[in-house]
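Here are the chains, one letter per residue:
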Amino acid sequence: MAKIPVQFTLNGAEKAEFIDGGTTLLNALRDKIGDTSPKGGCHQGTCGACSVIIDGELRLSCLTLAETCNGAAITTTSGLSQDGVLHPLQRAFLDAFATQCGFCTPGMIMAAKVLLDHTPDPSRDDVVEALSGNVCRCTGYEPIIQAVLTAARSNSQNAA
Amino acid sequence: MAIRRGRGVAAINYPTGMNLGGDPTQALVHSTPTGNFMVTLSSVDLGQGMKQIMAQICAETIGVPTDRVVVDTADTDTGPHCMGTFASRGTHRAGNAVIQAAREARQVMLEVAAEELEVNASDLETDGQGNILVKGAPQRSISIFDVALSAHFKRGRSISGRGMFLIPRSYPEKETGAMKPSTCYAHACTVAEVEVDDETGEVTVLTVKNVFEIGRALNPKMVEQQLVGGSWMGISHALYETTEPYYPDRDHGGTDFNQYLMPGPGDLAQTEIIVLERPSADGPFGAKGPGEMCANPQIPAVANAVFDAVGVRIDTLPITPERILRALKAQASN
């Protein structure tokens, strides 16, 4: 089968790949490009571990065909730290002990980032709603909710 | 038809590890040429933090900062034997093995330092910062870095140690069936408050108050993390999770996250965690196993709370709306 060319930016860097038709963005990112920060949990859109940000919106990369991403700007968790300094969300997840096995963490952070990008000062209910598509086995969610609220506060302090 | 409120309490004793052929775990510790210490294990860190705890235990025993210890759990083919990470046994079993191995390595380290300082090894102590000092004369000292270099390149010594933990195997008594499955028990008590809708059978957990007695908390923040997650998991077991809802009939088992249910971030009960520390006699620095243990007391507490709310005893897990409604129907027809 003929390969399909696809071009997009990943965490600000130009990427161009030839992929098989029907390749999910998740598989393209992990297997072709080598960004393994999005995780393949259920491969059917029910766990959120594969979440990435496409043109500012939270998307499930396991349900997104890579060939539909031409020209898109894609952000993954591996692109969040700058010059070795963790993103406030990453810092807050560490400080709040909001990760154990870590498999859900990149998806959680992506969901939280989209929330904070649109709603810099979220309520607890906003955070719960934003994380409701992401499954976690270890933490009981509360440390994750607290981490997102802490990151929002530290963002607003930095902005002030 | 009404929303009815109930409160339930339950307490558990929970064995740390089990009597599986003595439940052994072994560990090896050795120093690198620059005086860092490697702990080699087959025990697996699933995210519960075993690597951090084993690094702390090794560092405390040898007398170096925790960041001087690297824990390698890479390969169960090549590492020393471990029964596995389950039954709340990791910290207790592997920790005891690491202490024994680290003590042996420390002894070699002190012997090499004694040769360098021309004193008896028994007159030496560590400062916890990477140095070995003569007791009462701390100006006479040598860094562990230099001791390791000496051992490797001058004295021809291996700063290393072997450790293992094995409890006496206990067979059941023929007459009574009594046996001693473990040498160490953690304890917990939970009070759960629920609301039960007697029209839909739905249960909402309002509050969960847990007290856990876990020996000594070797890393209090990680213990708290484990207990918060475990309390949530207990609620999940009580009300949601099953692979075979009509066991032994396998029909209608959940096959994905749409059908295999767990409480999400919007379903959290207000949760309280209290830790009691009663150091265990045979645990590493008094630790017991807080892992699997901490997801248990919520289950009978919720079952009791449901009984308190609507007067039916659900003795099959999970306590689904269907089971509650069937029990209410049976109760009404009696």
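Residues numbered from 1 in each chain as written. Chains lettered and ligands numbered in written order. Predicted model: local features only at pLDDT ≥ 70, side-chain atom pairs only at ≥ 80, totals over all residues. Heavy atoms only, no water.

- Under an unreviewed UniProt entry, the name given to chain B is Putative dehydrogenase, and the organism recorded is Mesorhizobium prunaredense.

- As recorded in an unreviewed UniProt entry, chain A goes by the name Glyceraldehyde dehydrogenase small chain, listed as coming from Mesorhizobium prunaredense.

### Quick notes on the overall build of chain A
So, step 1. Helices and strands together make up the secondary structure of chain A, namely 5 helices and 5 strands.
So, step 2. Reading chain A from its N end, one meets helices and strands in the order β-β-α-β-β-β-α-α-α-α.
So, step 3. Looking at chain A residue by residue over its 160 residues, the buried ones come to 44%.
So, step 4. The long-range fraction of contacts in chain A, counting pairs at least 24 apart against all pairs at least 6 apart in sequence, stands at 56%.
So, step 5. With the model as given, the accessible surface of chain A reaches about 7500 Å², and the carbon-plus-sulfur share is 50%.
So, step 6. Computed over 11 positive and 16 negative side-chain charges, the separation of the two mean positions in chain A equals 7 Å. (Helix = DSSP H or I, 4+ residues; strand = E, 2+ residues; numbered from the N terminus. Buried < 20%, exposed > 50% of the residue type's maximum accessible area, 1.4 Å probe, protein only. Contact = heavy atoms within 4.5 Å. Areas by Shrake-Rupley, 256 points an atom, 1.4 Å probe, with all protein chains shown as cover. Lys, Arg positive; Asp, Glu negative; His and termini not counted. Charge placed at Lys NZ, Arg CZ, Asp CG, Glu CD.)

### Points about the domain arrangement of chain B
All names here are of chain B.
So, step 1. Domain parsing of chain B yields domain 1 (3-16 + 182-333) and domain 2 (25-165).
So, step 2. Measuring from the centre of the C-alpha atoms in domain 1 to the corresponding centre in domain 2 gives 39 Å.
So, step 3. Contact with domain 1, which involves 19 residues of that partner, is made by 18 residues of domain 2.
So, step 4. Buried surface at the junction of domain 1 and domain 2, both sides included, amounts to about 1300 Å², of which 60% is carbon and sulfur.
So, step 5. Looking only at domain 1, the three residues that lose the most surface to domain 2 are Thr 16, Pro 284 and Phe 285, adding up to 38% of its buried area.
So, step 6. Between domain 1 and domain 2 we count 0 salt bridges in total.
So, step 7. Taken together, the connections running from domain 1 to domain 2 amount to 8 residue pairs in polar contact (both at pLDDT 80 or more).
So, step 8. Looking at the side of domain 1 that touches domain 2, the elements that each hand over two or more residues are strand 1 (3-15) and helix 4 (220-239). (Domains from an automatic or database assignment. Buried area = accessible area lost by both parts, 1.4 Å probe. Salt bridge = Lys/Arg side-chain N within 4 Å of Asp/Glu carboxyl O. Polar contact = N/O pair within 3.5 Å; in protein donor to acceptor, adjacent residues only side chain to side chain.)

### So, the interface of chain A and chain B
So, step 1. Contacts between the two partners involve 23 residues from chain A and, on the opposite side, 24 residues from chain B.
So, step 2. Together chain A and chain B conceal approximately 1700 Å² of surface at their shared face, both sides included; 65% is due to carbon and sulfur atoms.
So, step 3. In terms of surface lost to chain B, no three residues of chain A exceed Phe 97, Gln 100 and Arg 137 of chain A, which account for 39% of the buried area on that side.
So, step 4. At the junction of chain A and chain B, the tally comes to 1 salt bridge.
So, step 5. Linking chain A with chain B are 4 residue pairs in polar contact (both at pLDDT 80 or more), by the criterion used here.
So, step 6. Classifying every residue of the side of chain A that touches chain B by side-chain character gives 13 nonpolar, 7 polar and 3 charged. (Nonpolar A, V, L, I, M, F, W, Y, C, P; charged D, E, K, R; others polar.)

### What about the environment of Ser 61 of chain A?
Residue and element names in this part refer to chain A.
So, step 1. On the secondary structure map, Ser 61 appears in the loop between strand 4 (57-60) and strand 5 (73-75).
So, step 2. It is 8.9 Å that separates the C-alpha atoms of Ser 61 and His 43, two residues lying 18 residues apart in sequence.
So, step 3. Sequence-distant contacts of Ser 61, that is, excluding residues within four places in its chain, are made with Thr 24, Leu 25, Leu 26, Pro 38, Cys 50 and Val 52.

### Some details on the sheet that holds strand 7 (residues 137-143) of chain B
All names here are of chain B.
So, step 1. Taken in spatial order, the 3 strands of this open sheet run 5-6-7, and their pairing is antiparallel. The two strands at the open ends of the sheet, each matched to only one other strand, are strand 5 (124-126) and strand 7. Direction aside, the axes of adjacent strands within the sheet are offset by 35° on average. (Pairing = 2+ DSSP bridges. Axes fitted to C-alpha atoms, helices over the stretch in contact; angles between N-to-C directions.)

### Details of the packing of helix 2 (residues 90-117) of chain B against helix 3 (residues 144-155) of chain B
When two helices pack together, their arrangement is given by the angle between the helix axes and by the axis-to-axis distance.
All names here are of chain B.
So, step 1. Here helix 2 crosses helix 3 at 85°, and the two axes come no closer than 9 Å. In terms of orientation, helix 2 lies roughly perpendicular with respect to helix 3. The segment helix 2 lies against helix 3, with Met 109, Val 112, Ala 113, Glu 115 and Glu 116 engaging Ile 144, Val 147, Ser 150, Ala 151, Lys 154 and Arg 155.
So, step 2. Here the contact of helix 2 with helix 3 is built from residues that sort into 6 nonpolar, 1 polar and 4 charged. (Parallel < 35°, antiparallel > 145°, perpendicular 65-115°, else oblique.)

### Things to note about the domain arrangement of chain A
Interface size, as often reported, equals the accessible area lost upon joining of the parts.
All names here are of chain A.
So, step 1. As assigned here, chain A comprises domain 1 (4-79) and domain 2 (88-159).
So, step 2. Taking the mean C-alpha position of each, domain 1 and domain 2 sit 21 Å from one another.
So, step 3. Opposite the 17 residues of domain 1 that make contact, domain 2 presents 13 residues.
So, step 4. With both chains or domains summed, domain 1 and domain 2 bury close to 1100 Å², and 68% of this area falls on carbon and sulfur atoms.

### What to know about the sheet that holds strand 1 (residues 4-10) of chain A
Residues and elements named next belong to chain A.
So, step 1. Reading across the sheet, the 5 strands line up as 2-1-5-3-4 and stay open at both edges, with mixed pairing between neighbours. Single-partner strands in this sheet number two, and they are strand 2 (13-19) and strand 4. Each strand of the sheet is rotated relative to its neighbour by a mean of 40°, with strand direction disregarded.
So, step 2. Of the pairings in the sheet, the one linking strand 3 (residues 51-54) to strand 5 comprises 2 bridges and is antiparallel in character. In the sheet register, Ile 54 faces strand 5, and the bridge partner there is Ile 74.

### Description of the pattern of salt bridges
So, step 1. Here the structure, examined in full by the defined rule, presents 20 salt bridges over all chains.
So, step 2. Residues Glu 142 of chain A and Arg 124 of chain A are paired through a salt bridge, measuring 2.8 Å at the closest nitrogen-oxygen approach. Within this pair, whereas Glu 142 of chain A is found in helix 5 (residues 142-159), its partner Arg 124 of chain A is found in helix 4 (residues 124-131), the two being separated by 18 residues in sequence.
So, step 3. In this structure Glu 142 of chain A comes out as partly exposed when scored by relative accessible area, which is 25%.
So, step 4. Arg 137 of chain A serves as the salt-bridge partner of Glu 241 of chain B, at 2.6 Å between the closest nitrogen and oxygen. Of this pair, Glu 241 of chain B sits in the loop between helix 4 and strand 11 (270-276) while Arg 137 of chain A is found in the loop between helix 4 and helix 5, placing the two residues in two different chains.
So, step 5. Residue class for Arg 137 of chain A comes out partly exposed when judged on its relative accessible area of 35%.
So, step 6. The structure contains a network of salt bridges with shared partners spanning Glu 111, Glu 115, Glu 116, Lys 154, Arg 155 and Arg 157 of chain B.

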